[in-house]
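Close look at the chain arrangement
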Amino acid sequence: MLDEKYYKTRRTIRRYKPQTPDAQLIDKMLELASHAPTTGNMQLYSVIVTTEKELLDKLAILHFKQPASLAPMLVTFCADFNRTTRWAELSDANPGFGNFQSFIAAMLDATILAQEFVNIAEHEGLGCCYLGTTTYNAPDIASVLGLPSLVVPVVTIAVGYPDEEWHTSDRLPLESFRYKETYTPLTDDQLLACYRHREELPENQQFVADNNKTTLAQVFTDIRYPRNNNEQFSTIFKDFLIKNGFSL
Ligand SMILES: Cc1cc2nc3c(=O)[nH]c(=O)nc-3n(C[C@H](O)[C@H](O)[C@H](O)COP(=O)(O)O)c2cc1C
């Protein structure tokens, strides 16, 4: 039987008690998470666990001081082809990993590891929050964390003991994203129906009003993920990848 209640009640936590999670517990969780699938079993990732106040403060600024970035622990998951490349060079092998395909493989490995870690941490009662801002400020985060070439921060997980009310967020219905055999685009009416419940939630209507918008979609396009930000951070990240050894 699927444990529906467990999966449906998990949620992102953005405010934490001051207590730093035990380092050995986190190590154990990371070790367990490393049993997740990985490209060719190469484990194309590295993980930086940060708990020192001075470093946390620097990272929080680079994550725009959003609430979760003030966590007692930030765990930065990096795409890492440095170790594998060095292993090859030290072993009479000729590595060819400084390219976009290899970066994507390492990014997937790092992300899968991060989600496996989140699964384990949440199961054990810790609160977690992804910080997507990692790729926004990748060059400065890499500098704070001392990352060498072919190591790129991909995602950060804020970790701590929950200190906020429990509230799960909605999800779009299955019909909005599951197709059978081949992709059959939704009609406009079907598509809008998929978003109706979300648009009618009081908190989302408030969100629209607070931002002086007329639709929820406008909040996403104009406020949360505006075009100029997306384009600006794309350029910064692309330049950083190239500078760090991945040709595009
Ligand atoms: C790749 C990724 C990046 C995210 N970045 C942020 C972030 O920067 N700040 C934040 O508060 N939440 C972030 N989140 C958390 C999402 O906002 C959250 O998962 C979503 O709203 C659904 O809520 P739930 O996890 O409680 O179900 C991110 C999640 C993912 C998967």
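Above this note sits the structure.
Below is a summary of the structure that appears in this document. (Residues numbered from 1 in each chain as written. Predicted model: local features only at pLDDT ≥ 70, side-chain atom pairs only at ≥ 80, totals over all residues.)

We now examine the pairing of strand β4 (residues 151-160). The element β4 is extensively covered by neighbouring structure, given that ten of its ten residues are classed as buried. With eight bridges connecting them, strand β2 (residues 73-80) and β4 associate as antiparallel partners. The partner of F77 across the bridge, within β4, is V155. Both strand β3 (residues 127-131) and β4 contribute to a ladder of five bridges, which runs antiparallel. Looking across to β4, one finds that C128 is bridged to V159. (Buried ≥ 20, exposed ≤ 12 C-beta atoms within 10 Å, placed from the backbone. Helix = DSSP H or I, 4+ residues; strand = E, 2+ residues; numbered from the N terminus. Pairing = 2+ DSSP bridges.)

R11, T12, R14, Q66, A68, C129, Y130, L131, G132, T133, V155 and S169 make up every residue found near the ligand. For the shell around the ligand, the element with the highest residue contribution is β3, accounting for three residues. A class-by-class count of the residues in the shell around the ligand yields five nonpolar, five polar and two charged. (Near = placed C-beta within 6 Å. Nonpolar A, V, L, I, M, F, W, Y, C, P; charged D, E, K, R; others polar.)

This part takes up the nonpolar core. Counting 45 residues, the largest nonpolar core has A79 and A110 as the members making the most contacts within it. Contributing elements (two or more residues each) for this core: α2 (23-33), α3 (53-62), β2, α5 (100-123), β3, α7 (138-145) and β4. With nine residues, the top contributor of residues to this core is α5. When neighbours within four sequence positions are excluded, A110 is seen to be in contact with Y45, F77, C78, A79, V154 and V155. (Core = buried A, V, L, I, M, F, W, Y, C linked by C-beta atoms within 7 Å. Contact = placed C-beta atoms within 7 Å.)

Any functional reading would require information beyond the geometric quantities listed.
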